[in-house]
Amino acid sequence: DEHAALAFGLVICAGAATGIGAASVFFKQLVELASKKVLAVGIGISAGVMLMVSFVEIIIKSHLAFMDAGYEDGAAFAFALLAFFVGIVFMKLLNALVHLLDRDDLHHCPTVEVSVKDLESSAVDAATPTNEAQEAEKAEKSAIQKLERMGLNTALAIGLHNLPEGLATFIATLGDPTVGITLAVAIAIHNIPEGLCVALPVYYAKGRRFTAFLWGILSGLSEPVGAIIGYLIIKFSGNDLDQTVYGVLFGLVAGMMVAIVLYELVPTAHRYDPEDKVATNSCVAGMAIMALSLILFRV
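Every chain is numbered on its own, with residues counted from 1 as its sequence reads. Only residues with pLDDT of 70 or above have their local features reported here, since the model is predicted, and side-chain atom pairs are shown and tallied only from 80 upward, although totals for entire chains, interfaces and linings are computed over all residues. The side-chain values count all of the structure's non-hydrogen atoms but skip hydrogen atoms and water molecules.

Enquirer: Can you break down the overall build of the chain residue by residue, with the values?
Expert: Summing up its helical and strand segments, the chain has eleven helices and zero strands in all. For helices the rule is a DSSP run of H or I covering at least 4 residues; for strands it is a run of E covering at least 2, with both sets numbered from the N terminus onward. Written out in order from the N terminus, the α and β elements of the chain read α-α-α-α-α-α-α-α-α-α-α. Throughout this description, buried means an accessible area under 20% of the type-specific maximum (1.4 Å probe, protein chains only), exposed means over 50%, and partly exposed covers the range between. Relative to its full complement of 299 residues, the chain shows a buried share of 49%. In what follows, residue pairs with any heavy atoms lying within 4.5 Å of each other are defined as contacts. Taking as baseline every contact in the chain between residues at least 6 positions apart, the subset at least 24 positions apart corresponds to 84%.

Enquirer: Give me a nonpolar patch on the surface: which residues, what numbers.
Expert: For patch detection, residues must exceed 30% relative accessible area and be free of salt bridges, and they are connected within 9 Å for like charges or within 5 Å for nonpolar side chains (Val, Leu, Ile, Met, Phe, Trp, Tyr). Calculation of accessible area relied on Shrake-Rupley with a 1.4 Å probe; when residues are assessed, cover is drawn exclusively from the protein chains displayed. What counts as a salt bridge is simple: a side-chain nitrogen of Lys or Arg found within 4 Å of a carboxyl oxygen of Asp or Glu. On the surface, Phe26, Phe27, Phe210, Leu214, Trp215, Leu218 and Leu221 cluster together into a nonpolar patch covering about 680 Å² of accessible area. Overall, Phe27 belongs to the partly exposed group, its relative accessible area being 47%.

Enquirer: I'd like a rundown of the pattern of salt bridges, residues and numbers included.
Expert: Summed over all chains, the structure comprises two salt bridges. The salt bridge partner of Lys61 is Glu57, with a shortest N-O separation of 3.7 Å. Linking Lys61 with Glu57, this pair stays in helix 3 (residues 36-68), spanning four residues, or about one helical turn. Between Lys277 and Glu275 there is a salt bridge; the shortest N-O distance is 3.4 Å. Here the two residues Lys277 and Glu275 agree in accessibility, since each one is exposed.

The following block contains the structure:
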């Protein structure tokens, strides 16, 4: 496909955004900027963009692709919706796998629940001698192990969730580069705090900035893997222009994007903004931004 190179480039850039968040271990001022409200706004906007592009663009492209493949309008619409719900079920199964691997549910970002100073002080407190040196040593090891496990579990969970995001960005760009660019930006926005969530616990557990930064980067590398999967599916279908394959992939991607929003982004935004002062409004703003961009690209 003529847009394949652009699609891969966008996926790589969106995945690499985790490195921006992970770089916070070198600049603590960046962490302090990541307040609950700022994260809620960023995630809310991303959720709105992804919802709008899924319902207004990607699911419609699935319907049209099935029609181009020779299906009647009603059947094409039914197949598009079937693929959509299969995408949602796939993400539910993926979420179940994440929670199975992470029974303590440590993969959620600790950054806004535990500040940098709190993390530092907890590490210091754990290392502070008490009357019982043995208990202090045990407490220190426990705190370090918990932080390290939190960071690694977060990296694993985020890596699994980024896989379908890479597929979505790749397929969306093949269908319409303008949609792919907007979707890549939205994914990059919420990938930044994800990198932060991975790097901070690893840094405070190991005390090595570069190691923490590396883990943050690695958590985003699954997005190009998702793009490669999409590329191989299209190639091995036997025909790069097989509209049935595109119809299925567009439908799956739309469902996966909506599932990511409903099961991950919206609950996370409300966890950071429990009184809903900015989360829902930010989601609506994200939809408006996506709508405006779609209109401008068609004028």
